[in-house]
Structure formats: C-alpha cells, structure tokens
There are 2 protein chains.
Amino acid sequence: MLEDLTGRIGPRLSGSPGAAKAVVWVEKEMRRHGFANVKLVPCMVPHWVRGDVENGQIATTKQPLSLCALGGSVATPKGGLTAGVIEVRSLEEATKLGEKAKGKIIFYNRPFDPSLPNTFGAYGGANDQRVRGASVAAAVGAVGVLVRSMTLAEDDEPHTGAMRYQEKVKQIPAAALGIKSANKLSSALRINPNLKVSFTLSCKTLPDALSASVIGEIVGYERPGEVIVMGGHLDSWDLGRGAHDDGAGVTQSLEALRLIKKLNLRPKRTIRVVAFMNEENGGRGAAAYAERVRKSSEIPYAAMESDSGGFMPRGFGVTEAKYEAVKGWEEKLRVFGIERFSKGGGGADIAPLGPLGATLFGLQPENQRYFDYHHSRNDTIDKVNPRELEFGAMAMAMLAWLISEEGL
Amino acid sequence: MLEDLTGRIGPRLSGSPGAAKAVVWVEKEMRRHGFANVKLVPCMVPHWVRGDVENGQIATTKQPLSLCALGGSVATPKGGLTAGVIEVRSLEEATKLGEKAKGKIIFYNRPFDPSLPNTFGAYGGANDQRVRGASVAAAVGAVGVLVRSMTLAEDDEPHTGAMRYQEKVKQIPAAALGIKSANKLSSALRINPNLKVSFTLSCKTLPDALSASVIGEIVGYERPGEVIVMGGHLDSWDLGRGAHDDGAGVTQSLEALRLIKKLNLRPKRTIRVVAFMNEENGGRGAAAYAERVRKSSEIPYAAMESDSGGFMPRGFGVTEAKYEAVKGWEEKLRVFGIERFSKGGGGADIAPLGPLGATLFGLQPENQRYFDYHHSRNDTIDKVNPRELEFGAMAMAMLAWLISEEGL
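What this report covers is the structure whose coordinates are included nearby.

What counts and what doesn't
- Counting of residues starts from 1 at the beginning of each chain's written sequence and follows it residue by residue.
- Labels are handed out in written order, letters beginning with A for the chains and numbers beginning with 1 for the ligands.
- Reporting in this predicted model follows two pLDDT cut-offs: at least 70 for local features of residues, and 80 or more for side-chain atom pairs to be given and counted; totals over whole chains, interfaces and linings ignore these cut-offs and use all residues.
- Think of the side-chain values as coming from all heavy atoms in the structure, minus any hydrogens and water.
- For two strands to pair, DSSP has to find at least two bridges joining them.
- Numbering of helices and strands runs from the N terminus; a helix is a DSSP stretch of H or I covering at least four residues, while a strand is a stretch of E covering at least two.
- Note on method: axes are straight lines fitted to C-alpha atoms, helices fitted across the in-contact stretch only, with angles between N-to-C directions ranging 0 to 180 degrees.
- A contact between two residues is defined here by any heavy atoms of the two lying within 4.5 Å.
- A helix is expected to span 1.5 Å multiplied by its residue count minus one.
- By the criterion applied in these results, polar contacts are pairs of N or O atoms within 3.5 Å in which, for protein atoms, one can donate a hydrogen and the other can accept it, and in which residues neighboring in sequence qualify only through two side-chain atoms.
- Nine residue types can take part in a nonpolar core, namely buried Ala, Val, Leu, Ile, Met, Phe, Trp, Tyr and Cys, and a core is a set of them joined through side-chain atoms within 4.5 Å.
- Throughout, exposure labels follow a simple rule: accessible area from a 1.4 Å probe, protein chains only, divided by the maximum for the residue type, with under 20% read as buried, over 50% as exposed, and the rest as partly exposed.
- Copies are brought into register by a least-squares superposition over C-alpha atoms of residues with pLDDT of at least 70 in both.
- In this description, buried area is defined as the sum, over both parts, of the accessible area (probe of 1.4 Å) that is lost when the two are combined.
- Any Lys or Arg side-chain nitrogen located within 4 Å of an Asp or Glu carboxyl oxygen qualifies as a salt bridge.
- We call two directions roughly parallel when the angle between them is under 35 degrees, roughly antiparallel when it is over 145, roughly perpendicular when it lies between 65 and 115, and oblique otherwise.
- Left-handed describes a crossing whose near helix is turned anticlockwise from the far helix by less than a right angle; the clockwise case is right-handed.
- Amino acids are sorted into nonpolar (Ala, Val, Leu, Ile, Met, Phe, Trp, Tyr, Cys and Pro), charged (Asp, Glu, Lys and Arg) and polar (every other residue, Gly among them).
- Aromatic pairing here means that ring centres of Phe, Tyr or Trp (its six-membered ring) are within 6.5 Å. Orientation follows from the plane angle: under 30 degrees is stacked, over 60 is edge-to-face, and everything else is tilted.
- The rule for a charge over a ring is simple: NZ of Lys or CZ of Arg within 6 Å of the ring centre, and within 35 degrees of the ring normal.

### What about the sheet that holds strand β14 (residues 313–318) of chain A?
Residues and elements named next belong to chain A.
In step 1: What the 8 strands build is an open sheet, ordered β1-β10-β12-β11-β13-β16-β14-β15; its pairing is mixed. The strands lining the two open edges of the sheet, one partner per strand, are β1 (36–49) and β15 (340–343). Strand after strand, the sheet turns through a mean of 25° between neighbouring axes, direction not considered.
In step 2: Lying over the sheet, helix α2 (residues 17–32) contacts β1, β10 (204–218) and β12 (269–276), oriented at roughly 5° with respect to β10.
In step 3: Sitting on the sheet, helix α8 (residues 284–295) touches β1, β10, β11 (223–233), β12 and β13 (299–305), and the angle it makes with β1 is about 140°.

As structure tokens, then:
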C-alpha cells in the first residue's frame, strides 16, 4: 500500500491533484479490504502551491543557497528579493532588533538541540522559528526570513513545513535553508556582516479547495456505538513523497484493520480507520471529523494516531488518566516492539477527540532518523524498512483489539 | 572515527592490507585519546582472498546470477563450473539426495523465517546452509553449492560470510546468491528442472598471516587487576566497508572509553577496549586474547561486546547468573535507549572469557535492518545514523562505569 501511495500517487499537499487522487485511492483500498461504512468526510482545505521558481544565493559572492519556500509563504517580488541579512537565534532576538531589522532579511539559525535524546523534543525547541518567524520579523520591519531547516541531518536538503502569518502584520516571504547552506551563510556573515542575500519564491495561496478525510470500519457486535479510531494523515508536503510523514501512518492504520478482518476477528466495539486530510497546514480534516462525531450519537471511545514515522515501534503514549488502566498490556505488545506506555498521548489529528471523551494513544516509533527526512525531498519509500512499518501496524492492531475487548 | 575506518581504510578482511592498516589505525586512535597500556596482541589469521573473477549464469538461458564466493571457498576450475542444479531447503534434504546429488550443484534456498520478530533468530535458523552446506553436499557427490543470501532484503546483493569445510570431505566451491537471483533460479528450476548453471570463482586461501588485536585501557585506581572489557571486531568482510559489522562496535568501544576519559572519571576497576581481529573467519584474535588473560594474573571481571550493528540501542544481554544483579540498572540506562537486560549475553569475541569467570554483556541494538547490509557491498557508512551509533557508545560507557563502580 505504501508503494502505491508514494509511488503511483506521490506528493499529496492539501488541494493538490495528488491529494485528490489519494482520497480516491484510500476509499478504494478500504472497499478492497471489505471495510464497512466507507465514506468521505468532506472539508475545505487551504490550497497553497509552490510554483516553479525557487532559488537563492549570497548575492555578494554568488554562492548558491539551497532553499525552499515554507508552506503558506507569499512569493517574493518577481525578480527576487535582495537585502542585507541579520542572523538571530530566537524570536525574542528578532524582536529586540527593533529599527535595525528594517529592510533586512532575518535569518533564524537556532539549531536543534542535539543533546536531547528524543528528536521530537529538539524539533519542538526549534520550530517556533519556522512557524512564527516571518510575522515576528515583519513586525520590526524585515522584508523576508530565512530559517535553518528543522533537521539534524548534515546535508543540504531544505525542509519545508507550515508557517503562519499573524493577522494585521505585513506578509513577507519565508524560506527554509538546507543545513549546509545555513552554516555557509552564517560563516559568510561573520566575515562580512554587510553581505546581501537574494532569493526568489513564486509560491502562492489559491482559494480553499474541497477535499475530504476517508473513513471505514468494522462494526462492533456488542457496543457498536463505542468507536476506536486508528488514524494517520493522507496529505503530505509537496517535496518528497510523504513516505514516513505520513504515508506510514495511513497505511499502518489500513493494515491494522485489514489484519483484524483477515483474522476473522469480530470486535466488541467498532474499530474505525480515519485517513485524515490536511494535517500539515490546517488540520481541517481533523476538525471536520471531530465536528461530525460531536453531532452524532456515537461515543468516541478511543483514538490512536501514527504520525511519527514508519520506524520500529518502541512505545505508545496514552492519555494520563488511563495510564494505569493500560499498563498491564505492555507485556502483550512487547513482541511488536512496544516497550511501554508513557503518559500523554495522541497527535494533531486525534487531539480534537480528547475533549469529546476519547482516550488518546500515540504510536512512538524509534525517532532518531525521522527529522532527517521529514518535510524534505528525502521522505521517500526507500527510507522505510517494510518490516519496521509492519511491526507498527501489528502493534496498532493489537492495541485496538485490547481496547475493544477489554475496555478502558 | 567510523568515517576514518570505513572511508580511509575500507574493507579489513583478516590478512588483507586493509586489516593491517586498521591495526595501526586503532593503535594510533587509542594513543591519541590517551588510553594507557596500548598494545597489540598478536595472532596468526586465515588469509583468504576473493580474487578477480566472480560470475554466474543460468547457462541454459544465459540469465545472469548475482553471486559472490563464500569466505573460505575454494575456486572453481578456471573456465568455471557447469552442472545441473538441485534445489533443497536444508542440509538434511541435501544428504537425503544420495546418488542423485552426484555431479550436481546443490542450491540451498531456505529463506529467513520472516515471522521471527528478531532477525538474529532468523539468521540463526538459516545460516547452517552457508556454513556447512558445501561439505554436506560434497559428501553425497555434489560439485558445487549455491546458497541463498542470509538476508531479509529483497534486492540482489549477494551476502558473503564464513563457510567451513569438514575434514576429509572434498572441498567444492561455494557461492552466495542475491535474493532476486535465488528466486529467479528457483522459478527457472520449476519450469526446467534440467537446466544447467555455470559459475566461476577465483578465490583462494593463502598461508596464515600475522595480525593482531589491539588493546588500550584506563587503569582502575582501586582494583586495577579486575578488568572490564568493551570490544568489537576490527576485521570485516571484503565486500562493503564493514560499517555496521563491525566498525560500529570497534568505534563505539573506543568512543565509550574516550567519553570516560574526557569526563575525567577515574574508575575503580580497569576498563579496557579490545579491538578483536578475525571474528569473521576464525576467531583467532579472541582466542589469543583469552589465552593471554588466562596466563596473566588479571581477573577478567566483565566483558561487553557490540557486534550487532550501530543501530539505536534497545537492551543488553547478560550472563544469566548476573541478571538479578544488574536489573536495577535498567532505569539508569534508559536515556541511552536501553529498555532492559535479558538473560544470555555476549558475542563471539568475548565468549572465551566466560569460562574464565567474566560476566558477559552483549549490546542489543534495534535489529530489523542489520541483515539488509550484513556481509554485503551495502554495509557502508551511509547506513549508519551517527546519533544511533553514539547512543550505543554512551550506553556502553554507562554500563562499564556501573560495573566498575558498583560491582557485579
């Protein structure tokens, strides 16, 4: 399934032809596997397109910079943007520049903290630069931002990802720099603080587009109204193929339910796969799904998400209140690589189900390699080990089964 | 260090110029890091060379087969060996062929059992074909053997590895087939059981060569005579660069002791790195080291080995009798990825220290990808994630420190 999704369909950014094909594909897969009540849950999604032109250089020395537009960015002027550069390490530092920032490109260059064992922690400690950097810089008069890619890899692939403009602040173009390019620019600035950088982006935001999440299930024989969700997101960034992020999660969810079906197991509770649309730049699919649940009579009993890559499973996060209730299952999940439950679970797509009462679970695979590929051209299927991917699917199937049969 | 060892030195099969360079290199590294009592422990090693010619085909259809000589194999006749082929799934099946095997090539094609969660278990269940297949086939009159590569990867890279001839049985050439080639040959045999295969190997065994393991240490301040070994093997197969097998283990051992030194920690007991020579095809370095220990007055207190790849650590195996003694350390090792100790520890190079009284530990990294690269041209540094490698080194340093300070 992951070969199909990444190879035949490819990138699936919300609103793109790839995303539309992916919706059709996953609906077809669900029918092929014999899931019940297969349907689309529509949502309107942001429709950002990268465009054809994307390049940059240290203008003063003509050294090229490897970069890509951040998702949601406006374009530069047609001939590109050329300006002096100020390097900062934080949003606060940018704000403090005050007048000095006027007319400049702000270069956010705070790296991941490599001393954090969990790379998601390192990501969380750096990505405010990507998400909020442009508006913070614009507020003090900057004309553009360059952001060090959110990765620990030491290559020069730029990593895109969502950025958001603050209301009533001028929208300025924002691009991610590959790590080598970020280091190169930083060195060059030490030698010549007055150098100029130019970069060109041709991206733009089109009107919102119609899209959909896709659901399919096995109906519980005893408590059909209590629904256990397994999910991942169907959309991906436009670079790469969204193999780990999050073709893995979608196909693991499909595979987990397929396994239960294939084994002719009849669950007490309903087990449902949700392939969420638009996790990357809006969360509209998650919101629409939660809204649908809220308006229905069904009980959102539990939800688990796989959106941390298709690597070997190591644990599940779980809503803190249910930690003690599930701890006894660790032993049964160990053969699939799950060592333990930890407190705090979920993921962006199932988070809205928490307030509706669902116990949330997040699959935690081995995480060291994830940000090497995440949101870059390198997120392709050759980085996914098929056995590791399958272990994740098996762990999800087992957990869903335990929730269904033993209850929480 | 691993870049140096795999990039500047490269393959390091016992007796090769690469192995000799690796001995010099590791001695230099130990001195550079300020280890004490750096020295070589000499041993005579088998000296097998692959030679220049290695090819094969289904002679009947001219379809090429991707293959390589197994380590220790004799050559084919100069113009190659051409014969009919019988496919078997086990040594027993080969023996039962009796007269039918005469003049034939025996094709051992039992795959890894993919249902085993631990790939080392799958390896253990298949590699008797590689190690003993030739002599078992020769005993019933076969003229050569082809063995399905010891891997779960679905590519066509042949994986070499040690084979051993039984005494007084005719020595016949033995080669590993890439998985796609093995599948191709198996399919072809179903269509035409009378097809012929030809293959040519130019490998040979030269006289034993002088080589050495290398040791270096930090001398314990309280019980210097109680020695804790951290080790991996310095030799590798000639295909690939021995990055995971076992450049990882050697450089992790070096790094672990370097970390302890760098932190200015003074251990109670002596902590020693041993870079073992000749693990792959003889174990002569391990034997010579154990013999040296046996003849000395030192106490081989504990030994840990990293020879399962440079992937993210998950556990340590430990000599069963000491399991309860170390179990309490799990919590302290968790930050390095170690989830637990399991009973039964060690590895080929430290095994001889067990009977001398040492408690044995084996680092257990995540194992799903290991046999994708193991003994093939794909065992190169790009398959090693530097962070995962470092976590292993840190886990080893921490464990060595705990053994030294708290005792077993």
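Next comes the rest of the write-up.
### Brief notes about helix α12 (residues 386–406) of chain A
Residues and elements named next belong to chain A.
In step 1: Its 21 residues place the ends of α12 30 Å apart at the C-alpha level, agreeing with the 30 Å of an ideal helix rising 1.5 Å per residue.
In step 2: The N-terminus of α12 is capped by asparagine 385, whose side-chain oxygen sits 2.9 Å from the backbone nitrogen of arginine 387.
In step 3: Count one or two residues on from α12 and you reach glycine 407, which has phi positive near 75°.

### What to know about the nonpolar core
In step 1: The biggest cluster of nonpolar side chains holds 52 residues, and the ones touching the most others in it are Leu234(B), Phe316(B), Phe341(B) and Phe361(B).
In step 2: The dominant element in this core, judged by the number of residues it contributes, is helix α12 (residues 386–406) of chain B, at 9 residues.
In step 3: Apart from the residues within four sequence positions on either side, Leu234(B) is in contact with Leu5(B), Arg12(B), Ala22(B), Val23(B), Val26(B), Val214(B), Val250(B), Ala275(B), Phe276(B) and Met277(B).
In step 4: Grouped together as the second largest cluster of nonpolar side chains are 51 residues, Trp25(A), Leu254(A), Met396(A) and Ala400(A) included.

### As for the relation of the copies chain B and chain A
In step 1: With an RMSD of 0.0 Å, the fit of chain B onto chain A corresponds to turning through 180° and sliding 0.0 Å along the axis. Between the two chains, the operation in question is that of a two-fold axis. Residues of chain B ranked by C-alpha distance from the rotation axis are headed by Glu339(B), positioned 3.5 Å from it.
In step 2: By residue overlap, the copies meet face to face through one surface: 100% of the interface positions of chain B are interface positions in chain A.

### Topic: the interface of chain B and chain A
In step 1: The interface is formed by 23 residues belonging to chain B together with 23 residues belonging to chain A.
In step 2: Each partner contributes to the roughly 2,000 Å² buried at the junction of chain B and chain A, and carbon and sulfur atoms together form 37% of this total.
In step 3: Ranking the residues of chain B by area buried against chain A places Arg314(B), Arg369(B) and Arg387(B) at the top, with a combined share of 35%.
In step 4: Summed over the shared surface of chain B and chain A, the number is 6 salt bridges.
In step 5: Across the pair Glu339(B) and Arg314(A) runs a salt bridge whose closest N-O atoms are separated by 3.1 Å.
In step 6: Joining chain B to chain A, the criterion identifies 22 residue pairs in polar contact (both at pLDDT 80 or more).
In step 7: At the level of secondary structure, the elements contributing two or more residues to the side of chain B that touches chain A comprise β14 (313–318) and α12 of chain B.
In step 8: It is α12(B) that contributes the most residues to the side of chain B that touches chain A, 3 residues altogether.

### Structural notes on the packing of α2(A) against helix α7 (residues 243–262) of chain A
Residues and elements named next belong to chain A.
In step 1: Remark: α2 packs on α7, axes separated minimally by 10 Å, with the N-to-C direction vectors making an angle of 15°. The orientation of α2 relative to α7 falls into the category roughly parallel. The chirality of how α2 crosses α7 is right-handed. Here Trp25, Val26, Glu29 and Met30 of α2 come into contact with α7, specifically with Val250, Thr251 and Leu254.
In step 2: Classifying every residue of the contact of α2 with α7 by side-chain character gives 5 nonpolar, 1 polar and 1 charged.

### Some words on the sheet that holds strand β2 (residues 54–58) of chain B
Residue and element names in this part refer to chain B.
In step 1: Here 8 strands make up an open sheet; going across it, the order is β3-β2-β9-β5-β6-β7-β8-β4 and the pairing mixed. If you trace the sheet from one side to the other, it starts and ends with β3 (63–65) and β4 (67–69), each paired once. Direction aside, the axes of adjacent strands within the sheet are offset by 30° on average.
In step 2: As defined by bridge partners, strand β5 (residues 81–88) adjoins strand β6 (residues 105–108) across 4 bridges and the pair is classed as parallel. In the sheet register, valine 85 faces β6, and the bridge partner there is isoleucine 105.

### What about the packing of aromatic side chains?
In step 1: Scanning the entire structure with this criterion turns up 22 aromatic pairs over all chains.
In step 2: Pairing Phe120(A) with Phe371(A) gives two aromatic rings, centres 4.9 Å apart and planes at 70°, and the pair type is edge-to-face. Note that Phe120(A) is positioned in helix α4 (residues 119–124) and Phe371(A) in helix α11 (residues 370–373), a separation of 251 residues in sequence.
In step 3: The buried category is assigned to Phe371(A), whose relative accessible area is 2%.
In step 4: Taken together, the ring pairs connect Phe112(A), Phe120(A), Tyr123(A), Tyr370(A) and Phe371(A) into an aromatic cluster.
In step 5: Note that Arg269(A) overlies the ring of Tyr301(A), its terminal NZ or CZ placed 4.3 Å from the centroid.
In step 6: Taking NZ or CZ as reference, Lys383(B) lies 5.7 Å from the ring centre of Tyr373(B), over its face.

### A word on the pattern of salt bridges
In step 1: Within the structure shown, the criterion is met by 56 salt bridges over all chains.
In step 2: The salt bridge partner of Asp382(A) is Lys383(A), with a shortest N-O separation of 3.1 Å.
In step 3: Classification of Lys383(A) as buried rests on a relative accessible area of 16%.
In step 4: Among the ionic pairs, Arg294(B) bridges to Glu291(B), the shortest N-O distance being 2.8 Å. On the criterion of helical spacing, the pair formed by Arg294(B) and Glu291(B) is a turn pair, its members being 3 residues apart in helix α8 (residues 284–295).
In step 5: By sharing partners, the salt bridges in this structure join Arg314(A), Arg340(A), Glu366(A), Lys327(B), Glu330(B), Glu331(B), Arg334(B) and Glu339(B) into a single network.

### Brief notes about unusual backbone geometry
In step 1: With an omega of 5°, the peptide bond running from Asp245(A) to Asp246(A) counts as cis.
In step 2: A positive phi angle is found at Asn37(B), which is not glycine, with a value near 50°.
In step 3: Within the element layout of this structure, Asn37(B) appears in strand β1 (residues 36–49).
In step 4: Residue classification places Asn37(B) among the partly exposed positions, given a relative accessible area of 40%.
In step 5: Residue Lys62(B) is not a glycine yet carries a positive backbone phi of 65°.

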